[in-house]
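Inside the fold
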Amino acid sequence: MSYFYRTKTDVELEQVADAIRKRFPKRRLGLAIDIEGILEDMGLELLPRRGFRRHAEGYLARDPRIVVVDESIFAYMPRARFTLAEEVCHLILEYKLWSGGALPVGADGHELSETQHVLIEKDAGGLASDLLLPAAEFVATFNAKLRELEATGAPEFNVLRETIKHVAEVFQVSPPAAGWRARKLRLLSAEMVRALLPKK
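Rules used in this analysis
Residues numbered from 1 in each chain as written. Predicted model: local features only at pLDDT ≥ 70, side-chain atom pairs only at ≥ 80, totals over all residues. Heavy atoms only, no water. Helix = DSSP H or I, 4+ residues; strand = E, 2+ residues; numbered from the N terminus. Buried < 20%, exposed > 50% of the residue type's maximum accessible area, 1.4 Å probe, protein only. Contact = heavy atoms within 4.5 Å. Areas by Shrake-Rupley, 256 points an atom, 1.4 Å probe, with all protein chains shown as cover. Phe/Tyr/Trp six-rings, centres within 6.5 Å; stacked < 30°, edge-to-face > 60°. Lys NZ or Arg CZ within 6 Å of the ring centre and 35° of its normal. Core = buried A, V, L, I, M, F, W, Y, C linked by side-chain atoms within 4.5 Å. Axes fitted to C-alpha atoms, helices over the stretch in contact; angles between N-to-C directions. Parallel < 35°, antiparallel > 145°, perpendicular 65-115°, else oblique. Left-handed = near helix turned anticlockwise from the far one by under 90°. Expected span 1.5 Å × (residues − 1). Salt bridge = Lys/Arg side-chain N within 4 Å of Asp/Glu carboxyl O. Pairing = 2+ DSSP bridges.

In terms of regular secondary structure, the chain is built from 9 helices and 5 strands. Here the chain, with 200 residues, has 42% of them falling under the buried criterion. In the chain, 62% of the contacts between residues at least 6 apart in sequence involve partners at least 24 apart. Surface exposure of the chain reaches about 11300 Å², of which carbon and sulfur atoms provide 56%.

Mapped onto the fold, Ala168 is located in helix 7 (residues 156–171). Using a relative accessible area of 3% as the deciding quantity, one classes Ala168 as buried. C-alpha of Ala168 to C-alpha of Phe142: the two residues are 26 residues apart in sequence and 9.7 Å apart in space. Among residues more than four places away in sequence, those in contact with Ala168 are Val173, Ser174, Pro175 and Ala178.

As a further point, take the packing of aromatic side chains. Enumeration according to the criterion identifies 2 aromatic pairs in this entry. An angle of 35° between the planes, with centres 5.9 Å apart, marks the rings of Phe138 and Phe171 as tilted. Of the two residues, Phe138 sits in helix 6 (residues 135–150) while Phe171 sits in helix 7, which places them 33 residues apart along the sequence. Judged by relative accessible area, Phe138 falls into the buried class, the value being 0%. Owing to a relative accessible area of 0%, Phe171 belongs among the buried residues under this scheme. Over the aromatic face of Phe24 sits the side chain of Arg23, whose NZ or CZ is 5.1 Å from the ring centroid.

On to the nonpolar core, then. Formed by 46 residues in total, the largest nonpolar core has its most connected members in Ile35, Leu132, Phe138, Phe142 and Leu188. When residues of this core are assigned to their parent elements, the largest contribution, 8 residues, is made by helix 3 (residues 77–93). Residues within four places of Leu188 in sequence aside, it is in contact with Phe142, Leu160, Ile164, Ala182, Arg183, Val193 and Leu196.

Bringing the packing of helix 6 against helix 7 into the picture now. Contact geometry of helix 6 with helix 7 gives a least axis separation of 9 Å together with a crossing angle of 140°. Between helix 6 and helix 7, the crossing angle belongs to the class labelled oblique. Where helix 6 crosses over helix 7, the two elements pack in a sense that is right-handed. From helix 6, Glu137, Phe138, Thr141, Phe142, Lys145, Leu146, Leu149 and Glu150 reach across to helix 7, where they touch Val159, Leu160, Glu162, Thr163, Ile164, His166, Val167, Val170 and Phe171.

A separate point is helix 3. In this model helix 3 runs 24 Å from its N-terminal to its C-terminal C-alpha over 17 residues, within 8% of the 24 Å that 1.5 Å per residue would give. When you tally the buried positions in helix 3, you get 14 out of 17 residues, the bulk of the element.

A separate point is the pattern of salt bridges. For the coordinates displayed, the defined rule picks out 15 salt bridges. For the salt bridge of Arg21 with Asp18, the shortest nitrogen-to-oxygen distance reads 3.9 Å. Of the two residues, Arg21 and Asp18 both sit in helix 1 (residues 10–23), 3 residues apart, roughly one turn of that helix. Judged by relative accessible area, which is 30%, Asp18 ranks as partly exposed. One salt bridge connects Asp34 with Arg27, and the closest N-O pair in it is separated by 3.3 Å. Through salt bridges with shared partners, a single ionic network connects Asp10, Glu14, Asp130, Arg181 and Lys184.

Let us now look at the environment of Ala136. Tracing the backbone through its elements, the reader meets Ala136 in helix 6. Among the residues examined, Ala136 registers a relative accessible area of 63% and is labelled exposed.

Among the 5 residues in strand 5 (residues 66–70), 4 count as buried, and that is most of the element. Strand direction decides the pairing type here: strand 3 (residues 45–49) and strand 5, joined by 5 bridges, are parallel. Bridging across to strand 5, Arg49 finds its partner in Asp70.

Rendered as structure tokens:
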């Protein structure tokens, strides 16, 4: 039988993220999640490499206890933390796949259909976001800063941009990660997130 990944609902991803945080309750840095500590507690080894694959910042080696990452990601730690979280989330979401020893037919990266690959990456990214940015704490932090800045009478766009910047710093993620989490939690529209985030 060939490998088939079953996508998760948003509710399932939030539940898995909550279960991970409960499993590692001491791995916090203020409100931020200590993803490096979780990686260590899971017995995973981080292996930075130079000259990496195109379109990838990290992957699980054939031995899933080894997380291989592009060493250049550490130039910007908020993005590096998200990449590490994504790889931890791959291992958790695809636990049955990685715990079986040999990969089943169809599960190797080059054997996956484009659709399967997209679905797996989407869920890993979604779970990483849910894990690093806990919903209740994120909403409370976002709304508190929003109210504080609104009270200054600053223009709405500036208030929202500074709110995103603030929550990104508090949770130690990039502003894009914070912005899209705000969108998922219905705090901002997709159009507003696109307008607020710096253009590349």
